[in-house]
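Below, each chain spelled out in residue letters.
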Amino acid sequence: MNNIQISKNFQLIEFEDNRTGEVRLDKRLLKVMQTIRTSINKPIRITSGYRTKNTHMQIYKEKYGNAWKDKIAWGSKHLSGQAVDFYIVNGTSDDYEKAIKIAIDSNIIKGIGNGLSNGGFLHMDCRNSDKIIRWSY
Ligand SMILES: [Zn+2]
């Protein structure tokens, strides 16, 4: 249903909730992802885009067991289609540095989570913020 081409290299299905197939996507996020994709010229795999509340809870339950309620981030931009977790297929550290630079320069991406040493992914989101917030997983 969501296998609709929405930019040169992305289909809507790539951003949908992995469990339910529902999808919301902020167009600004797509724009930055396509800019990164074009610049790096390697496939990008989105491991988590939009999440329903239930899927979000499920992820935290699987990760933290009974402690999920203390850990869960209800402010997550995945819940509004404004966040993606992704990796670059055969991505080098130069590729990831380039991706982060594009995100910083975009003036759209305001949250960057670096999970490259923990599962090998980047989180990017377009939260409302004056400055860019960065963290590591
Ligand atoms: Zn994320």
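Above this note sits the structure.
A quick note: this is a predicted structure, and the numbers were derived from the prediction, not measured.

Draft legend 1. Region of the structure containing the overall build of the chain. The helix and strand inventory of the chain stands at 4 helices and 5 strands. Counted from the first residue to the last, the chain has its helices and strands arranged as α-β-α-α-β-α-β-β-β. In summary, the chain has a C-alpha radius of gyration of 14 Å against a globular reference of 14 Å for 137 residues, a match within 12%. In terms of principal-axis extent, the alpha carbons of the chain reach across some 40 × 35 × 30 Å. The buried share of the chain, reckoned over its 137 residues, is 26%. Within the chain, contacts between residues at least 6 apart in sequence are counted, and of these 58% link residues at least 24 apart.

Draft legend 2. View of helix α2 (residues 53–64). Look at α2: 16 Å from first C-alpha to last across 12 residues, which is about the 16 Å you get at 1.5 Å a residue. Within two residues after α2, Gly65 carries a phi angle of roughly 60°, on the positive side.

Draft legend 3. Up close: the sheet that holds strand β2 (residues 83–88). Strand order in the open sheet formed by 5 strands is β1-β2-β4-β3-β5, and the pairing between neighbours is mixed. Each edge of the open sheet carries a strand with a single partner, namely β1 (44–48) and β5 (133–136). Taken pair by pair, the neighbouring strands of this sheet meet at an average axis angle of 25°, ignoring direction. Two elements, strand β3 (residues 111–115) and β5, share 4 bridges in a ladder whose sense is parallel. Considered in β5, the bridge of Gly111 is made with Ile133.

Draft legend 4. Focus on the packing of helix α1 (residues 27–40) against helix α4 (residues 93–106). The N-to-C vectors of α1 and α4 enclose an angle of 145°; their axes lie 10 Å apart at closest approach. In this structure, α1 crosses over α4, and the sense of that crossing is right-handed. Contacts from Val32, Thr35, Ile36, Ser39 and Ile40 in α1 reach Asp95, Lys98, Ala99, Ile102, Ala103 and Ser106 in α4. A per-class count over the contact of α1 with α4 returns 6 nonpolar, 3 polar and 2 charged.

Draft legend 5. Main features of the pairing of β3. When β3 meets strand β4 (residues 121–125), the two strands line up antiparallel, connected through 5 bridges. Bridge assignment links Gly115 to a residue of β4, and that residue is Phe121. Between β3 and β4, which pair antiparallel and follow one another directly, the connecting turn spans 5 residues, one of which, Gly119, has a positive phi of 100°.

Definitions and cut-offs
Residues numbered from 1 in each chain as written. Predicted model: local features only at pLDDT ≥ 70, side-chain atom pairs only at ≥ 80, totals over all residues. Helix = DSSP H or I, 4+ residues; strand = E, 2+ residues; numbered from the N terminus. Rg over C-alpha atoms; globule rule 2.2 N^0.38 Å. Buried ≥ 20, exposed ≤ 12 C-beta atoms within 10 Å, placed from the backbone. Contact = placed C-beta atoms within 7 Å. Expected span 1.5 Å × (residues − 1). Pairing = 2+ DSSP bridges. Axes fitted to C-alpha atoms, helices over the stretch in contact; angles between N-to-C directions. Left-handed = near helix turned anticlockwise from the far one by under 90°. Nonpolar A, V, L, I, M, F, W, Y, C, P; charged D, E, K, R; others polar.

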